[in-house]
Amino acid sequence: MTGSRTQLERIAVIIEDDPDIRALLTELLEQGGFEAHAAANGLDGVELVRRVSPLVTTLDVSMPGIDGFEAARRIRAFSDTHLIMLTALGDEADTLTGLQSGADDYLAKPFRPRELRARIDAVVRRLERERERTSDASAAATVGDAVVRDHREPRLDDATSAAGPAAVDDARSAANGAPRAEARETPGDVRRPDGEGGWLEHRGLRLHPEMHLATLEGVELELTRSEFELLHELMAGGRRVRSKSELALAMRGDQYHASDYVSDADRRAVEVHLANVRRKLGESATSPVWIETVRGVGYRLTAAT
C-alpha cells in the first residue's frame with residue numbers, strides 16, 4: 001500500500017438484502033473513498049468479509065438464511081472489522097443482542113445517510129490514530145532492539161581502541177555470559193511498572209494502546225475494537241468519572257465537546273460494551289474489582305487498594 005504511514009486501506013462490505021438500501025450504502029461509501037463490496041444475504045456476506053478483509057462492515061439484521069446476529073457472531077470469530085448494524089427492529093432487546101453478538105455500533109432504519117457517514121468517518125480517524133501509534137511503537141522497538149544488540153555483542157577491537165585492556169576484559173566477560181552492571185533488558189523481557197513503556201496497569205489488568213493489547217494476570221483478553229477503546233478510556237482516566245456521553249464519543253473517535261449530540265441509543269451501547277468487558281474480565285457490576293459504576297454519573301476505575 002502506498003501513501004502515508006497512517007493511511008488505511010479503505011475497503012467496506014455491505015451486507016443487505018434490500019437492493020435499494022444496498023445501492024444507497026454502496027454510493028455513500030464510495031463517495032467516502034471506500035472500495036465497496038456488497039452481499040445480499042448473511043452467508044455470502046460472511047465469506048465476503050473473509051475474502052476482502054474490510055475496514056468497515058454494515059450489516060442488516062433481518063435477512064434470508066442466517067440473520068444479522070448470527071452473521072455478526074461468525075464474522076467476529078475471525079475479523080476485527082468495525083461492524084455497524086442497521087436494523088428496523090425497535091425492540092431494545094434486539095439492539096442488545098446485536099451488540100452482544102459483536103457489533104460495534106448500530107443505527108435504526110430509516111437512518112440518516114449523513115449520520116452514518118459521520119460515524120464511519122469518525123471510525124476511520126480513530127483507526128488512523130491507532131495505526132500511527134502502532135507505527136511509532138514499532139519504530140521505537142526497532143531502535144531499542146538495535147541498541148540492545150549492539151550493547152550485548154561487544155567487539156574486542158572496538159573495546160581495545162576505545163578504552164584499553166580493561167574494556168577488553170569486560171567485553172570478554174560479557175561474551176562468555178558473565179553479567180555486566182550496565183546490561184539492559186529489552187521491553188519484552190521485563191514487566192514494566194504502571195505508566196512506563198506505554199503500559200497502563202490496574203490490579204493486574206494491563207493495557208498497551210500502541211500494541212492494542214490488554215492482559216489480565218498475563219493472559220491476553222479478546223476484546224473488540226470498541227471494547228478495547230472503552231477500557232483504554234477508563235484506564236487512562238483513572239479515578240476520574242467518565243460519563244456515558246464522553247465514552248460514546250471516545251468509541252466513535254471524536255473528542256468530547258459539550259455540544260456534541262449523543263443519543264440514548266449511544267449511551268445504551270456504552271452500557272452493553274461495558275457489560276461485555278466486565279464479562280470478559282469475570283467481574284460483577286455489584287462487586288467490582290476493576291471498574292465501578294458511579295450511579296447517575298458514569299464509570300471510573302476502582303481504588304488501587
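Anything mentioned here points back to the structure above.
Residues numbered from 1 in each chain as written. Predicted model: local features only at pLDDT ≥ 70, side-chain atom pairs only at ≥ 80, totals over all residues. Heavy atoms only, no water.

Q: Just give me the short version of the packing of helix α8 (residues 225-237) against helix α10 (residues 264-281), but keep the residues and values in it.
A: Remark: α8 packs on α10, axes separated minimally by 9 Å, with the N-to-C direction vectors making an angle of 85°. By the angle between their directions, the pair α8 and α10 is classed as roughly perpendicular. Each of S226, E227, L230, L231 and L234 in α8 lies in contact with α10, whose residues at this interface are V270, H273, L274, N276, V277 and K280. The residue makeup of the contact of α8 with α10, split by class, is six nonpolar, three polar and two charged. (Axes fitted to C-alpha atoms, helices over the stretch in contact; angles between N-to-C directions. Helix = DSSP H or I, 4+ residues; strand = E, 2+ residues; numbered from the N terminus. Parallel < 35°, antiparallel > 145°, perpendicular 65-115°, else oblique. Contact = heavy atoms within 4.5 Å. Nonpolar A, V, L, I, M, F, W, Y, C, P; charged D, E, K, R; others polar.)

Q: Which residues make up the pairing of strand β7 (residues 205-208), and what values go with them?
A: Working note: regular strand, side chains alternate between the two faces of the sheet. Neither face of β7 is open: one carries L205 and L207, the other R206 and H208, and all of them are buried. Pairing of strand β6 (residues 200-202) with β7, which is carried by three bridges, proceeds in the antiparallel orientation. In the sheet register, H202 faces β7, and the bridge partner there is L205. Hairpin connection from β6 to β7: two residues lie between these consecutive antiparallel strands, with R203 at a positive phi of about 55°. (Buried < 20%, exposed > 50% of the residue type's maximum accessible area, 1.4 Å probe, protein only. Pairing = 2+ DSSP bridges.)

Q: Outline the pattern of salt bridges, listing residues and values.
A: Enumeration over the complete set of coordinates arrives at 22 salt bridges. Taking the shortest distance from any N to any O, the salt bridge between K109 and D60 comes out at 2.9 Å. Placement of the pair is K109 in the loop between β5 (105-108) and α5 (113-152) and D60 in strand β3 (residues 56-60), with a sequence separation of 49 residues. Judged by its relative accessible area of 4%, D60 is buried. With a closest N to O distance of 3.3 Å, R242 and E246 form a salt bridge. (Salt bridge = Lys/Arg side-chain N within 4 Å of Asp/Glu carboxyl O.)

Q: Go over unusual backbone geometry with me, naming the residues and quoting the values.
A: A cis amide bond links K109 to the next residue, P110, at an omega of -5°. A positive phi is found at R203, a non-glycine position, where the angle reads about 55°. Inspection of the secondary structure puts R203 in the loop between β6 and β7. Residue classification places R203 among the partly exposed residues on the basis of a relative accessible area of 34%. Of note in the backbone geometry, E217 takes a positive phi value of approximately 55° without being a glycine. If you trace the backbone, E217 turns up in the loop between β8 (213-216) and β9 (219-220).

Q: Requested: an account of the packing of α8 against helix α9 (residues 244-252), with residues and values cited.
A: For the pair α8 and α9, interaxial distance at closest approach is 9 Å and the crossing angle is 130°. When the axes of α8 and α9 are compared, the pair comes out oblique. When the axes of α8 and α9 are compared, the crossing they make is right-handed. Counted together, S226, E229, L230, E233 and L234 of α8 and L247, A250 and M251 of α9 form the full contact between these two elements. (Left-handed = near helix turned anticlockwise from the far one by under 90°.)

Q: Got a sec to walk through the side chain of R206? Specific residues and values, please.
A: You can see R206 is positioned in strand β7. Looking at R206, its side chain comes within polar contact range of the side chain of E201, at 3.4 Å. (Polar contact = N/O pair within 3.5 Å; in protein donor to acceptor, adjacent residues only side chain to side chain.)

Q: Describe in detail the packing of aromatic side chains, supporting the description with residues and values.
A: Using the criterion set out here, one finds zero aromatic pairs in the structure. In this arrangement the basic side chain of R50 is found over the ring face of F78, its NZ or CZ atom lying 4.1 Å from the centre. The residue whose ring lies beneath R206 is W199, and the NZ or CZ to ring-centre distance is 4.1 Å. (Phe/Tyr/Trp six-rings, centres within 6.5 Å; stacked < 30°, edge-to-face > 60°. Lys NZ or Arg CZ within 6 Å of the ring centre and 35° of its normal.)

Q: I'd like to hear about the sheet that holds strand β1 (residues 11-15), residue by residue, with values.
A: Here five strands make up an open sheet; going across it, the order is β2-β1-β3-β4-β5 and the pairing parallel. Bordering the open sheet on either side are β2 (35-39) and β5, each of which pairs with just one other strand. The average angle at which neighbouring strand axes cross in this sheet is 20°, direction not considered. With five bridges connecting them, β3 and strand β4 (residues 82-87) associate as parallel partners. Looking at the pairing, D60 lines up with L86 of β4.

Q: Account for α8, with residues named and values stated.
A: An ideal rise of 1.5 Å per residue puts 18 Å on 13 residues; α8 measures up with 18 Å between its terminal C-alpha atoms. By the criterion of burial, α8 is predominantly enclosed, with twelve of the 13 residues buried. Considered for burial, the residues of α8 that qualify are R225, S226, E227, F228, E229, L230, L231, H232, E233, L234, M235 and G237. After α8 finishes, the residue G238 shows a positive phi value of roughly 65°. (Expected span 1.5 Å × (residues − 1).)

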